[in-house]
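Examination of the molecular architecture
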Amino acid sequence: MIQTLYLVPEYKEEQIYPAICKSMDALSIKKDMHPDLKVVIKPNLIMAKKPDLTTTTHPLVIKCVARWLREQGVKNITLAESSGGLYNADYMKNVYQVCGMIDLCEDLSLNMDFSAQTVNTREGFSNHSFHIITPIVEADYIINICKLKTHAMTGYSGGIKNLFGTIPGLEKPQMHYRWTDIESFSRMLLELAQTVNPQLTIIDAIDAMEGNGPTGGTSHPLHMILAAKDFYTQDYFAAKLMKLDPMNIVMIRQAVESGLAKPDEITLAGDEIPDNLTPFQVPDTIKLDFSGKIPAILLPIAKRLLKSYPQLNADLCVGCGKCAESCPAKIITIKKRKAHFKKKGCISCFCCQEMCPMKAISVKKAL
Ligand code: SF4
Ligand code: SF4
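Note that residues are indexed from 1 along each chain, following the sequence as it is written. The order in which chains are written sets their letters, starting at A; the order in which ligands are written sets their numbers, starting at 1. Per-residue local features of the predicted model are confined to residues with pLDDT of at least 70, and side-chain atom pairs are confined, for both listing and counting, to 80 or more; whole-chain, interface and lining totals are unaffected and use all residues. Where side-chain values are given, they derive from all heavy atoms of the structure, hydrogens and water being excluded.

**Comments concerning the packing of helix α1 (residues 13–26) against helix α2 (residues 59–71)**
Note the threshold: In this analysis an axis means a line fitted to C-alpha atoms, helices contributing only their contacting stretch, and an angle means the value between N-to-C directions, from 0 to 180 degrees. For helices the rule is a DSSP run of H or I covering at least 4 residues; for strands it is a run of E covering at least 2, with both sets numbered from the N terminus onward. What sets the label is the angle itself: under 35 degrees gives roughly parallel, over 145 gives roughly antiparallel, 65 to 115 gives roughly perpendicular, and the rest give oblique. By definition, any crossing whose near helix is turned counterclockwise from its far helix by less than a right angle is left-handed, and any crossing with a clockwise turn is right-handed. In this analysis, two residues are considered to be in contact whenever any of their non-hydrogen atoms come within 4.5 Å of each other. Polar here means any residue other than Ala, Val, Leu, Ile, Met, Phe, Trp, Tyr, Cys and Pro, which are nonpolar, and Asp, Glu, Lys and Arg, which are charged; Gly is therefore polar.
Interhelical geometry of α1 versus α2 gives an angle of 50° and a closest axis separation of 9 Å. The orientation of α1 relative to α2 falls into the category oblique. In the packing of α1 onto α2, the handedness of the crossing is right-handed. Residue-level contacts link Glu13, Ile16, Tyr17, Ile20, Cys21 and Met24 of α1 to Leu60, Val61, Lys63, Cys64, Val65, Arg67, Trp68 and Glu71 of α2. Residue composition of the contact of α1 with α2, by class: 10 nonpolar, no polar and 4 charged.

Shown next, in the form of C-alpha cells:
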C-alpha cells in the first residue's frame, strides 16, 4: 500500500494545499474523479469546539481537499458528520458554526439531511446491519478526513474510529451499551469500517491530540498530513508515529490479525519521517490499566478492583447535561446544576468524559 506523508508546519492554505495535491498524485486519485461524482467528506466534528483546540478536523484541511476536488471538475461535494450529541438541524448548525465549517459553504454543501438508513453487512459479520447516516449511504466516493488523537476507551483515534461518526447521534451510546468490552467494541468498529468503506482517508496531524482524548487532551503537533487508500494499515503507521505500540491498540491489532492491515506492505511516498518525534501521553484510562501485568488466574478479580470510573470535579461542572445525554447506561442525573453519577451499572465507556465541554470528568479506579 502507498502511504503518503507530507510535512506541513502550520494551518495555512498555502502550505496545506500543495501537500494535498502531492498526496492525490501519489495515490492516483485523479483517475477516479468525474464531474457527476457525488463525493462526501466525513470529518471528525465530535463536538462543537473551535478549530485551534485540536479536537476536530481543521477546516483548512477540508477546504484544500474541496478545492482540489473542484479543480478536477467535481461539483457535488457534501460534508457529512454525526457528532457526539443529537443528530438534528439545530445541534449540527451549532457544530458547523463553532468548528469553522460555515466558512466552507462556498467550497461544499454542509449536510442538512438528518435521516439514516439500514445497511446490511457482509455475510459472516456478527453485526447483520448498521444504521448509517443517509449522505454516507448515498455517496459515490467517501473521503474520510480524521484528526489524529489518543482516545480514552480505544487508546487511539484515526481512520477506523472516525467512521463511528457515521452512526446517527445518540445511537452511538446505545452501541457502547451493546458492545461493552473493548474486544467486541473494536470488532464492531472494524465491521462498520468495512461497511462504510471510504475510498480515501486523510489524517490531519498538523496538530494532534495527546492525553485524555478524544476531547479533553492537549496539543501534540506532528506537522504532517497523511493519506492512504488503505486506512487500516495507515492507522498502524500513524500509531507508530505517536510512539504507541499499534499491537496494544485493540482495533489495530484485530485489523492486523484479520489481514485488513498489512504493516509489511507500506511504501512511503513524500517526505521522510522526522527523527525528532516524541511519545504521545496516553489517556488516564490507559495509564491506569495494569491488567496486562496481572497473572491470568487473578484477572477476573483484578479487573473488578481495577475497573475505571468517571469522577466529577464539581467545581468545573456547569450542569449542562451533555454527559447524561450521552451515557448509554443512563446512570447520570443532573441535580442542582451538577452531574451525579451512580457507580452501579457504569460500563466505563467514558462517553461522558468525551462529551463534557468543561473537562469536569476525570478517571478514578475502584480500588
Ligand atoms: S460533567 Fe460536564 S457534561 Fe456533565 S453536566 Fe457537568 S459540565 Fe456538563
Ligand atoms: S457514567 Fe460515563 S463511563 Fe459510566 S456508563 Fe455512563 S457514560 Fe459510560
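**Let's talk about the pairing of strand β9 (residues 200–210)**
Selection rule: Throughout, exposure labels follow a simple rule: accessible area from a 1.4 Å probe, protein chains only, divided by the maximum for the residue type, with under 20% read as buried, over 50% as exposed, and the rest as partly exposed. DSSP calls a pair of strands paired once it identifies at least 2 bridges connecting them.
A large share of β9 lies buried, amounting to 11 of its 11 residues. Bridging between β9 and strand β11 (residues 224–228) involves 5 bridges; their strand directions are antiparallel. From the neighbouring strand, Ala205 faces β11, where its bridge partner is Met224. For β9 and strand β10 (residues 218–219), the ladder comprises 2 bridges, and the chain directions are antiparallel. Following the sheet pairing, Met209 is matched in β10 by Ser219.

**With respect to the environment of Lys147**
In plain terms, the rule: Whenever two N or O atoms come within 3.5 Å, that pair is a polar contact, provided that in protein one can donate a hydrogen and the other can accept it, and provided that, for residues adjacent in sequence, both atoms are side-chain atoms.
Examined against the element boundaries, Lys147 turns out to sit in strand β7 (residues 141–151). Residue Lys147 is classed as buried on the basis of its relative accessible area, which comes to 1%. Along the backbone, Lys147 and Ile41 are 106 residues apart, and their C-alpha atoms lie at a distance of 13 Å. Aside from chain neighbours lying at most four places away, what touches Lys147 is Tyr11, Asn44, Thr54, Thr55, Thr56, Thr57, Ser157, Gly158, Asp204 and Asp207. There is a polar contact of 3.1 Å between the side chain of Lys147 and the backbone oxygen of Asp207.

**Things to note about the site of ligand 2**
Applied cut-off: Residues are classed as near a molecule or strand on a simple rule: at least one heavy atom within 4 Å of it.
Around ligand 2 sit 14 residues in total, of which Cys327, Cys346, Cys349, Phe350 and Cys352 are the nearest. By residue class, the composition of the shell around ligand 2 is 13 nonpolar, 1 polar and no charged.

**Observations regarding the domain arrangement of the protein**
Convention followed: Either an automatic procedure or a domain database provided the assignment from which the domain bounds are taken. By buried area we mean how much accessible surface two parts lose on assembly, using a 1.4 Å probe and totalling the loss over both. Any Lys or Arg side-chain nitrogen found within 4 Å of a carboxyl oxygen on Asp or Glu counts as a salt bridge.
Taken as a whole, the protein is organised into domain 1 (2–270) and domain 2 (288–365). Distance between the C-alpha centres of domain 1 and domain 2: 26 Å. In this complex, domain 1 contributes 21 residues to the contact, which on the side of domain 2 involves 15 residues. Both faces combined, the contact of domain 1 with domain 2 buries some 1400 Å², and carbon together with sulfur accounts for 63% of it. When the buried surface of domain 1 facing domain 2 is broken down by residue, Met47, His176 and Tyr177 rank first, second and third, together holding 27% of it. Taken together, the connections running from domain 1 to domain 2 amount to 0 salt bridges. Put simply, domain 1 and domain 2 have 3 residue pairs in polar contact (both at pLDDT 80 or more) between them. No other element matches helix α6 (residues 171–178), which puts 4 residues into the side of domain 1 that touches domain 2. For the side of domain 1 that touches domain 2, the class distribution of residues is 10 nonpolar, 10 polar and 1 charged.

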